[in-house]
Amino acid sequence: MDKDRVSGIINKVIADAKIGSVEIFFEEDDVLRLEVISNNFKGMRLLKRIDFLSTLFLNLATTELADFHLVFNPLTANEKLNGVSEVTNESAHDIKKTGVAASSHY
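Residues numbered from 1 in each chain as written. Predicted model: local features only at pLDDT ≥ 70, side-chain atom pairs only at ≥ 80, totals over all residues. Heavy atoms only, no water.

## Here we look at unusual backbone geometry
Inclusion rule: Only DSSP runs of H or I with at least four residues qualify as helices, and only runs of E with at least two residues qualify as strands; both kinds are numbered from the N terminus onward. Summary of the burial criterion: residues with accessible area below 20% of their type's maximum are buried, those above 50% are exposed, and those between are partly exposed, where the area comes from a 1.4 Å probe applied to protein chains only.
For Lys18, which is not glycine, the phi torsion reads 50 degrees and is therefore positive. Position of Lys18 among the secondary structure elements: in the loop between helix 1 (3-17) and strand 1 (21-27). Here Lys18 falls in the exposed class, since its relative accessible area comes to 73%. With a phi close to 55 degrees, Glu28 is a non-glycine residue in the positive phi region. Mapped onto the fold, Glu28 is located in the loop between strand 1 and strand 2 (31-37). Taking relative accessible area as the criterion, Glu28 reaches 73% and is therefore assigned exposed.

Next comes the structure, spelled out in structure tokens:
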């Protein structure tokens, strides 16, 4: 599959989800790094951001994009432009209260 086709598929997923924008980096032969810029990520833990994107791309990752390894870089606009972290700083107490530090649907 050529780069234009891959870019089209990824851009459509992001546009349909109405979450922001994506920059696609083709690294090595089979690695796609997706830098997803969305203010919806503000205050969200990094693992939660990655889980959200993994779920969003799950069907494509097992079908049309199965030949690629997807690497997600979820950022807010402020993080991208100014290098300021907007990741939540949950305390250990908050993590114990929910019972999980990270979760996965795989």
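Here the narrative resumes, following the displayed structure.
## Digging into the nonpolar core
Applied cut-off: Nine residue types can take part in a nonpolar core, namely buried Ala, Val, Leu, Ile, Met, Phe, Trp, Tyr and Cys, and a core is a set of them joined through side-chain atoms within 4.5 Å. Residue contacts are defined here by distance: any two heavy atoms, one from each residue, within 4.5 Å place the two residues in contact.
Formed by 18 residues in total, the largest nonpolar core has its most connected members in Ile10, Val22, Leu32, Leu34, Val36, Phe57 and Leu65. Those elements that provide at least two residues to this core are helix 1, strand 1, strand 2 and helix 2 (46-62). The element best represented in this core is helix 1, accounting for five residues. Those residues within four positions of Leu34 in sequence are excluded, and the remaining contacts are Ile10, Val22, Glu23, Ile24, Phe57, Leu70, Val71, Phe72 and Asn73.

## What about the sheet that holds strand 1?
To be explicit about the condition: Each pair of strands is called paired provided DSSP finds at least two bridges between the two strands. Fitted lines through C-alpha atoms give the axes, limited to the stretch in contact for helices. The angle between two N-to-C directions lies from 0 to 180 degrees.
The strand order 1-2-3 describes an open sheet built from three strands, whose pairing is mixed. Edge positions in the sheet fall to strand 1 and strand 3 (69-75), since each has one partner strand and no second. Neighbouring strand axes in the sheet, compared pairwise and without regard to direction, differ in orientation by 20 degrees on average. Of the strand pairs in this sheet, strand 2 and strand 3 are connected by seven bridges, and their pairing is parallel. Its bridge partner lying in strand 3, Ile37 is registered against Leu75. Across the sheet, helix 1 touches strand 1 and strand 2, and the angle it forms with strand 1 is around 150 degrees. Packed on one face of the sheet, helix 2 meets strand 2 and strand 3 and runs near 140 degrees to strand 3.

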